[in-house]
Amino acid sequence: MHFGSLITSASTDQVSLALQDVSYAADAGTTSNIPIANGSTTIRNKWRDLDYATLADVVKKNVALQPELFSNLITDKADLAKLRDLGSKVIVYNGLTDDAIPPAGSINYHERVAAAMGGHAEVQKFMRMYLLPGAAHSSQGRAYTVGGQNDAVPLPKLPGNANQTPTREQDQFFTALVDWVEKDVAPDDILLTSRDSRVSYPVCVYPLRTTWNGSGPATQATSYSCR
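Right, let's walk through the structure included here.

So, how was this worked out
- Residues numbered from 1 in each chain as written.
- Predicted model: local features only at pLDDT ≥ 70, side-chain atom pairs only at ≥ 80, totals over all residues.
- Heavy atoms only, no water.
- Helix = DSSP H or I, 4+ residues; strand = E, 2+ residues; numbered from the N terminus.
- Buried < 20%, exposed > 50% of the residue type's maximum accessible area, 1.4 Å probe, protein only.
- Contact = heavy atoms within 4.5 Å.
- Areas by Shrake-Rupley, 256 points an atom, 1.4 Å probe, with all protein chains shown as cover.
- Phe/Tyr/Trp six-rings, centres within 6.5 Å; stacked < 30°, edge-to-face > 60°.
- Disulfide = S-S within 2.5 Å.

Right, let's get into the overall build of the chain. Looking only at helices and strands, the chain has seven helices and six strands in total. Taking all 227 residues of the chain together, 34% fall into the buried category. For the chain, restricting intrachain contacts to residue pairs at least 6 apart in sequence, the fraction spanning at least 24 positions comes to 45%. Of the roughly 13,300 Å² of accessible surface on the chain, a fraction of 54% belongs to carbon and sulfur atoms.

Moving on: the environment of Phe 126. Residue placement: Phe 126 occurs in the loop between α6 (120–123) and β2 (127–132). Taking relative accessible area as the criterion, Phe 126 reaches 2% and is therefore assigned buried. Remark: the alpha-carbon pair of Phe 126 and Leu 83, spanning 43 residues in sequence, is separated by 8.4 Å. Phe 126 has contacts with Leu 80, Leu 83, Arg 84, Ser 88, Lys 89, Val 90, Met 117 and Trp 180, leaving out every residue within four places of it along the chain.

It is worth spelling out the packing of aromatic side chains at this point. What the rule picks out here adds up to three aromatic pairs. Aromatic side chains Tyr 93 and Phe 173 sit 4.3 Å apart centroid to centroid with 15° between the ring planes, which places their arrangement in the stacked category. One end of the pair, Tyr 93, is in strand β1 (residues 90–95); the other, Phe 173, is in helix α7 (residues 172–183), and 80 residues separate them in sequence. Looking at Phe 173, the relative accessible area reads 4%, which means it is buried. With a centroid separation of 5.7 Å and 65° between ring planes, the pair formed by Tyr 201 and Tyr 224 is classed as edge-to-face. Residue Tyr 201 is found in strand β4 (residues 200–203), and its partner Tyr 224 is found in strand β6 (residues 224–226); the two are separated by 23 residues along the sequence. Residue classification places Tyr 224 among the buried positions, given a relative accessible area of 17%. The structure contains a cluster of three or more aromatic residues connected by ring pairs, namely Tyr 93, Tyr 130 and Phe 173.

For the coordinates displayed, the defined rule picks out one disulfide. With a sulfur-sulfur separation of 2.1 Å, Cys 204 is cross-linked through a disulfide to Cys 226. In this structure, the disulfide formed by Cys 204 and Cys 226 twists by about -80° around the S-S bond and is classed as left-handed. Placement of Cys 204 in the loop between β4 and β5 (210–212) and of Cys 226 in strand β6 is noted, with a sequence separation of 22 residues between them. Looking at Cys 204, the relative accessible area reads 1%, which means it is buried. Residue Cys 226 is classed as partly exposed on the basis of its relative accessible area of 24%.

Spelled out as structure tokens, the structure:
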């Protein structure tokens with residue numbers, strides 16, 4: 001967890017929100033974001049006085065306030081009956097080397113949804129998750145890099161540098177979601193290929209995982225299966 005951004009980012013300032021005390025918010029000298037303004041006090045940056053035990057208590061208070069203060073921000077609710085009943089569809093994917101969103105968190109959430117919604121088979125009727133070997137975190141799904149090179153790790157195809165205007169066939173997961181919603185074609189395993197076109201493998205609908213068959217070249221999709 002990136003505690004620094006949670007503490008000092010004026011776009012969230014989770015510590016000051018949890019403690020209901022603006023003096024724990026960052027000032028303009030700490031963050032380049034727009035600082036929180038409040039006429040009750042000019043004191044800021046008390047977050048610097050927190051130790052790990054106090055920060056742990058802050059996290060607990062933040063969780064306790066979710067149903068009341070942060071109800072519109074809750075993203076870890078396991079009961080997705082309303083979403084399911086509306087006919088909505090969800091595709092989640094997480095890189096297994098994601099340096100910002102730990103894949104274990106996504107797995108934990110998916111398992112809790114399955115427990116609440118009748119098991120994986122029922123969940124897969126409206127939500128499917130993929131775990132991507134070797135992929136780290138960014139809008140372009142950058143791969144784990146060695147010497148600044150990431151061309152050899154299979155990644156989802158994404159459009160443009162900023163990934164703002166997805167068009168069909170340029171964004172694999174977006175296309176899969178469109179087909180699921182508009183054509184009722186549920187996504188199965190999806191073939192990913194590296195930018196240099198030398199490595200490919202399928203990514204699988206969780207709880208299945210991309211698994212090497214034990215023979216064949218490790219760079220070819222035919223050497224892998226979903227198990």
